[in-house]
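# What the coordinates show
As a plain string of letters, each chain reads:
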Amino acid sequence: MTVNRHPSTGSAVTVKQWRYTATGGETTLTGTDGFSQSLAYTVGAEEVYVNGVLLERAVDYTATTGTSVVLTNALVAGDIATVMSANAFNVANAIPNSTVTAKGDLIVGNGAASVTNLGVGADGSTLVANSSASTGVSWAGAKTQNVILNSSFDIWQRGTSIATASAYVADRWYGYRTGGNVTFSQQTGSNQFRYACRVQRTAGDTATNTMYMYQSLEIADATPYAGQTVTLSFYARAGANYSATSNGLTVKLVTGTGTTETNRMLVLYTGDTTLISSGVTLTTSLVRYQVTATMGASVTQFCIGFETNPTGAAGAADYFDVTGVQIDLGSVALPYRRYSSTLQGELNACERYYERSTPGVAYGKYGQAYYNNSSSQVVCNVEFKTTKRVIPTSIDYANLRIQQNGIGALGTISAVSINIESTTKLADLTVTIGSGATNTLNPIELMNDNNTAGYLGFSAEL
Amino acid sequence: MENVTFLDVTQMDGTTKTFAIIDRGNGEFTSMPKADYEASTLPSELSTPTTPQAGA
C-alpha cells in the first residue's frame with residue numbers, strides 16, 4: 001500500500017503484512033510466513049494481531065528486534081497471528097532536517113519551491129537582504145556608524161570649488177596632483193545623495209598625471225578595524241569626456257601599523273600596505289560599487305581613496321563624481337548612511353579637524369583683541385565651536401581687520417599667527433598690523449574688513 | 001601666484017617662533033609654523049595605481 005511519496009527521495013510508503021497460522025504453543029513470531037514473507041518491522045511502528053484482535057505492546061507482546069515478536073501468551077493451534085508494519089517514510093513537501101548541518105544554520109529559499117542551508121553567521125553578525133546572493137540574504141557585520149566623514153560631500157568649509165595640486169578640498173578629503181590642473185568641486189548628486197564630489201581635469205589640459213582624492217583616518221578610528229573583514233562601497237559616475245582608459249577608476253584602501261597620525265597622501269605609513277587596489281568601470285549614471293578585504297591584525301591606521309589616470313587632452317567633461325563612500329564590517333555593503341544622522345552632527349565631526357568661521361556680514365566679529373605692548377601687534381582670543389583633534393597650527397584667513405573703538409581700523413593685517421597659549425578649545429592669536437594699536441581701555445576687535453566674504457579658519461588636520 | 005614671508009613672533013615663554021605667512025594672491029592668506037610649511041612643500045607623490053583601472 002502506498003501512502004505518499006517524498007518529492008526528492010521518491011521513497012514509497014508501504015505497509016507490510018506478515019501472517020502466520022499457529023500450530024499451537026508458539027510464543028515467538030519470526031521467520032517466513034505462509035506467503036514467503038519474512039518478518040521485518042520498524043520497532044515501535046508495528047501492530048500485532050491474533051485472530052484480528054490488536055494486542056497491546058509491552059503487555060501482550062514484546063517487539064524490540066525488528067525481526068521477531070515475543071508473545072506473552074502462547075498461540076493456540078489455528079490462531080492467526082498478523083504483524084503489520086509501515087516502513088520509514090517522508091511526508092510530501094516536508095523539508096528534511098538534514099538540510100541544516102550545524103547549530104545556528106538557517107533554511108532559506110533559493111528559488112521557487114527550493115530551499116538550501118545558510119550556515120550560521122559569525123558572532124554578532126546580522127542577517128540582511130542581499131539580492132546578489134543566491135539565497136537572497138547574507139550575514140553582514142554589525143551595523144556601525146560610517147567611519148568615513150563627509151562621505152556624501154555635504155561639508156565644504158574651504159569652498160565648494162577648489163583648484164589645487166595638493167590640499168584639503170571637501171572637509172576631510174585631500175586632493176592631489178603632481179602636474180596639470182585639477183579642480184575638486186561640490187556637485188548635485190542624484191537619488192538619495194544631495195551632493196557628490198567632482199574631480200575634474202581642466203578642459204584642454206594635456207597632462208596625464210594621476211589625480212587623487214583620499215581620506216586618511218585617525219588611529220583611534222582605524223584601530224577597531226584591525227583583523228576585520230570590511231567592505232568599502234561608494235557611488236560614482238563619469239563625465240561625458242572622461243578620459244581614463246575604459247572609463248576606469250581605481251579605488252584603494254591602504255593600511256599602516258604606525259603610531260603617528262598621518263595624512264597618507266603626504267607621508268607613507270609605517271608598514272604601508274595597499275590592501276585594496278581595484279578598478280571599476282564607470283558609466284555616466286551614479287552606480288554603487290563595492291570591494292571587500294580583510295584588514296591585517298596589527299592595523300592601526302588606514303586611508304581610502306580614488307585615483308584616475310587621464311589620457312589625451314581634456315574635454316569639457318573630463319571628470320568623475322563620487323559620493324556615498326562607506327565602510328561596513330563584513331562582506332556586504334549595508335544601505336548608505338552618513339557618520340552622523342544630521343548635517344549639524346556631520347559638520348561638528350568635520351570641525352574636529354578644520355573649522356572655518358564665515359560670518360557673512362560686513363563687520364562680522366571673530367573675537368576680542370588686546371593691546372600687546374606694541375602699536376603693531378594685538379593678541380586676539382577666538383573660541384572654537386568644536387574641540388579640536390590637536391591644537392591647530394595652521395590658520396587661513398581673508399578680508400580681516402583689527403578695529404579699536406574710537407579709533408577705527410588699525411591698518412592692514414600683515415600676519416596672523418597662533419601662540420603657545422592656544423588649546424584645543426581656544427586660539428590665542430598674535431595679529432600683526434601696520435601700527436595704531438593703543439594702550440587704552442577702548443575695546444579692540446578682530447572682524448571682517450567691511451567684506452561679507454571674510455573668514456578665519458583653523459586646521460587641526462592629519 | 002603665492003608669496004611667502006616669514007615672521008618671528010615672541011611667545012609667552014620668551015621664545016621666538018617663526019611663522020610662514022602665505023599670501024595666496026587673491027586676498028586669502030595661510031599662516032603656519034615655518035617647519036610645517038617646509039614639510040608641506042616636500043615632493044610627495046606616494047600613491048601610484050598598481051592595477052588597471054578598467055573592469056570591476
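On a predicted model such as this, the values are computed, not experimentally measured, just so you know.

Attention now moves to the overall build of chain A. Across its full length, chain A carries two helices and 33 strands. Here the C-alpha radius of gyration of chain A, 39 Å, is well above what a compact globule of 462 residues would show, namely 23 Å. Considering only C-alpha atoms, chain A reaches an extent of 135 × 55 × 40 Å along its principal axes. Looking at the 462 residues of chain A, the share that counts as buried comes to 48%. The long-range fraction of contacts in chain A, counting pairs at least 24 apart against all pairs at least 6 apart in sequence, stands at 70%. Total accessible area on chain A stands at roughly 19,900 Å², and carbon and sulfur atoms take up 51% of it. Within chain A, one finds 26 positive and 30 negative side-chain charges whose respective centroids are separated by 8 Å.

Secondary structure summary: chain B contains one helix and three strands in total. Helices and strands in chain B line up, N terminus first, as β-β-β-α. The burial tally for chain B puts 27% of its 56 residues in the buried class. If you take every contact in chain B between residues at least 6 apart in sequence, the share linking residues at least 24 apart comes to 7%. Carbon and sulfur atoms make up 54% of the accessible area of chain B, which amounts to about 3,400 Å² in all.

What follows is about the pattern of salt bridges. Between side chains of opposite charge, a pair can form as their charged atoms come close. All names here are of chain A. The final tally for this structure, using the stated rule, is 17 salt bridges over all chains. The salt bridge involving Arg 198 is made with Asp 321; its shortest N-O contact spans 2.8 Å. A residue pair is termed long-range when its members are at least 10 positions apart, and Arg 198 in strand β16 (residues 195-201) and Asp 321 in strand β23 (residues 319-329) qualify at 123 residues. Here Arg 198 and Asp 321 have matching classes, each one buried. Here Glu 445 ties to Lys 365 by a salt bridge, and the two come within 3.1 Å at their closest N and O atoms. A residue pair is termed long-range when its members are at least 10 positions apart, and Glu 445 in strand β32 (residues 444-448) and Lys 365 in strand β25 (residues 365-371) qualify at 80 residues.

Turning our attention to the interface of chain A and chain B. Each partner contributes to the interface: chain A provides 43 residues, whereas chain B provides 28 residues. A buried area of about 2,800 Å², summed over both sides, lies between chain A and chain B, and 48% of it is on carbon and sulfur atoms. At the boundary of chain A and chain B, one finds six residue pairs in polar contact (both at pLDDT 80 or more). Of all the secondary structure elements, the ones that give two or more residues to the side of chain A that touches chain B are β17 (211-216), β19 (248-256), β20 (273-281), β22 (301-308), β27 (394-398), β30 (413-418) and β31 (426-433) of chain A. Residue composition of the side of chain A that touches chain B, by class: 18 nonpolar, 20 polar and five charged. Pairing analysis gives four bridges linking β27(A) to strand β3 (residues 28-33) of chain B, with the strands arranged antiparallel. Note on β3(B): the bridge partner recorded for A:Asp396 is B:Thr30.

Low-pLDDT portions of the prediction should not be read for the details of their coordinates. Scored by pLDDT, chain A has a mean of 93; 97% of the residues are at 70 or more. Across residues 1-7 of chain A the pLDDT falls below 50, and counting only partners more than four positions away or on other chains, this stretch makes 20 contacts in the model.

Here we take up the side chain of A:Asp105. Residue and element names in this part refer to chain A. Locating Asp 105 in the fold gives a position in the loop between β7 (80-86) and β8 (106-111). Although buried, Asp 105 forms no salt bridge, and the nearest oppositely charged side chain, Lys 103, lies 10 Å from it. A polar atom in the side chain of Asp 105 sits 3.0 Å from the backbone nitrogen of Thr 101. A polar contact of 2.9 Å, which involves the side chain of Asp 105, links it to the backbone nitrogen of Ala 102.

Take the environment of A:Asn348 next. All names here are of chain A. Relative to the helices and strands, Asn 348 resides in helix α2 (residues 343-351). Take Asn 348: its relative accessible area is 33%, and that puts it in the partly exposed class. Along the backbone, Asn 348 and Ala 113 are 235 residues apart, and their C-alpha atoms lie at a distance of 51 Å.

All names here are of chain A. Despite not being glycine, Asn 150 shows a phi value in the positive range, around 50°. Within the secondary structure, Asn 150 is located in the loop between β11 (137-140) and β12 (161-163). Positive phi, close to 60°, is recorded for Asn 373, a residue that is not glycine. Relative to the assigned elements, Asn 373 resides in the loop between β25 and β26 (377-383). Among the residues examined, Asn 373 registers a relative accessible area of 70% and is labelled exposed.

Moving on to the nonpolar core. Burial of nonpolar side chains together is a common tendency in soluble globular proteins. Core analysis: the biggest nonpolar cluster contains 43 residues, and A:Trp173, A:Phe234, A:Phe302, A:Phe306, A:Val325 and A:Ile327 have the highest contact counts within it. If sequence neighbours within four positions are ignored, A:Trp173 has contacts with A:Ile148, A:Leu149, A:Asn150, A:Phe153, A:Ala167, A:Tyr168, A:Met213, A:Tyr214, A:Gln215, A:Ile304, A:Phe306 and A:Val325. A:Ala369, A:Cys380, A:Ile402 and B:Ile21 belong to the second largest nonpolar core, which has 27 residues in total.

Looking now at the sheet that holds strand β18 (residues 229-238) of chain A. Residues and elements named next belong to chain A. Pairing within the open sheet is antiparallel, and its six strands lie in the order β12-β15-β16-β23-β18-β21. Each edge of the open sheet carries a strand with a single partner, namely β12 and β21 (287-294). Each adjacent strand pair in this sheet contributes to an overall mean axis angle of 25°, direction not counted. The pairing of β18 with β21 spans eight bridges and is antiparallel.

Reading the values: rules and limits
- Residues numbered from 1 in each chain as written.
- Chains lettered and ligands numbered in written order.
- Predicted model: local features only at pLDDT ≥ 70, side-chain atom pairs only at ≥ 80, totals over all residues.
- Heavy atoms only, no water.
- Helix = DSSP H or I, 4+ residues; strand = E, 2+ residues; numbered from the N terminus.
- Rg over C-alpha atoms; globule rule 2.2 N^0.38 Å.
- Buried < 20%, exposed > 50% of the residue type's maximum accessible area, 1.4 Å probe, protein only.
- Contact = heavy atoms within 4.5 Å.
- Areas by Shrake-Rupley, 256 points an atom, 1.4 Å probe, with all protein chains shown as cover.
- Lys, Arg positive; Asp, Glu negative; His and termini not counted.
- Charge placed at Lys NZ, Arg CZ, Asp CG, Glu CD.
- Salt bridge = Lys/Arg side-chain N within 4 Å of Asp/Glu carboxyl O.
- Buried area = accessible area lost by both parts, 1.4 Å probe.
- Polar contact = N/O pair within 3.5 Å; in protein donor to acceptor, adjacent residues only side chain to side chain.
- Nonpolar A, V, L, I, M, F, W, Y, C, P; charged D, E, K, R; others polar.
- Pairing = 2+ DSSP bridges.
- pLDDT = per-residue confidence, 0-100.
- Core = buried A, V, L, I, M, F, W, Y, C linked by side-chain atoms within 4.5 Å.
- Axes fitted to C-alpha atoms, helices over the stretch in contact; angles between N-to-C directions.

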